[in-house]
Amino acid sequence: LLLVFSIGAAAIALSVLIYRIAFPTILSFPWSVRPENSPRRKREKEMTVVFAGSFNPPHWGHFVMIRYLAERYGRVICCIGVNPKKVYDVTPQTRAQILREMLRGSDDGASCKNAQVKVVTGYIWRYARTQNASLFFRGIRTWA
């Protein structure tokens with residue numbers, strides 16, 4: 001009976017994972033933020049989220065997403081992914097420095113104080129797990 005339950009639980013977990021990959025939640029701009037006193041907003045403020053990308057180069061669209069995430073969630077980690085098979089015009093460390101300067105030099109920089117920038121080699125999802133991230137965000141370049 002325990003074996004049947006374990007197999008059933010694994011099948012459900014796999015189904016949920018496949019569903020989330022096949023049908024991701026897509027937030028459209030302009031994004032809304034829940035009221036300050038809502039229970040869900042309080043839970044979100046305790047969450048760590050990861051925003052992953054190559055940030056090659058960092059630009060205004062990246063900054064707007066980071067600002068939104070920093071306002072909504074408690075801790076935001078901007079992960080600059082390094083793909084050893086790609087050649088970049090700007091080194092990952094330079095991109096990280098540019099992104100840090102963008103966050104520091106913004107007029108409303110106070111809203112991004114909970115955002116940090118990391119250069120990650122290897123799988124970003126593995127790094128996200130080590131940070132106990134609850135959510136993983138990616139930008140969409142094109143929409144067909």
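See the structure shown above.
Residues numbered from 1 in each chain as written. Predicted model: local features only at pLDDT ≥ 70, side-chain atom pairs only at ≥ 80, totals over all residues. Heavy atoms only, no water.

Visitor: Could you give an account of the sheet that holds strand β1 (residues 48-53), naming the residues involved and the relevant values?
Guide: Within the open sheet, the four strands sit side by side as β3-β2-β1-β4. Their pairing is parallel. If you trace the sheet from one side to the other, it starts and ends with β3 (115-121) and β4 (135-138), each paired once. Ignoring which end each strand starts from, the neighbouring axes of this sheet average 25 degrees apart. As judged from the seven bridges shared by strand β2 (residues 75-82) and β3, these two strands associate in the parallel manner. Directly across from V76, in β3, lies its bridge partner A115. Packing of helix α3 (residues 60-72) onto the sheet brings it into contact with β1, β2, β3 and β4, and relative to β1 it is tilted by some 170 degrees. On the sheet, helix α4 (residues 92-105) packs against β2 and β3 and is oriented at approximately 170 degrees with respect to β3. (Pairing = 2+ DSSP bridges. Helix = DSSP H or I, 4+ residues; strand = E, 2+ residues; numbered from the N terminus. Axes fitted to C-alpha atoms, helices over the stretch in contact; angles between N-to-C directions. Contact = heavy atoms within 4.5 Å.)

Visitor: How would you summarise the side chain of E44 if you had to cite specific residues and measurements?
Guide: With respect to the helices, strands and loops of the structure, E44 is situated in helix α2 (residues 39-44). Since its relative accessible area comes to 3%, E44 is described here as buried. Setting aside residues no more than four positions away along its own chain, E44 makes contact with R34, R72, Y73 and G74. (Buried < 20%, exposed > 50% of the residue type's maximum accessible area, 1.4 Å probe, protein only.)

Shape is all these values report; function is a separate question.
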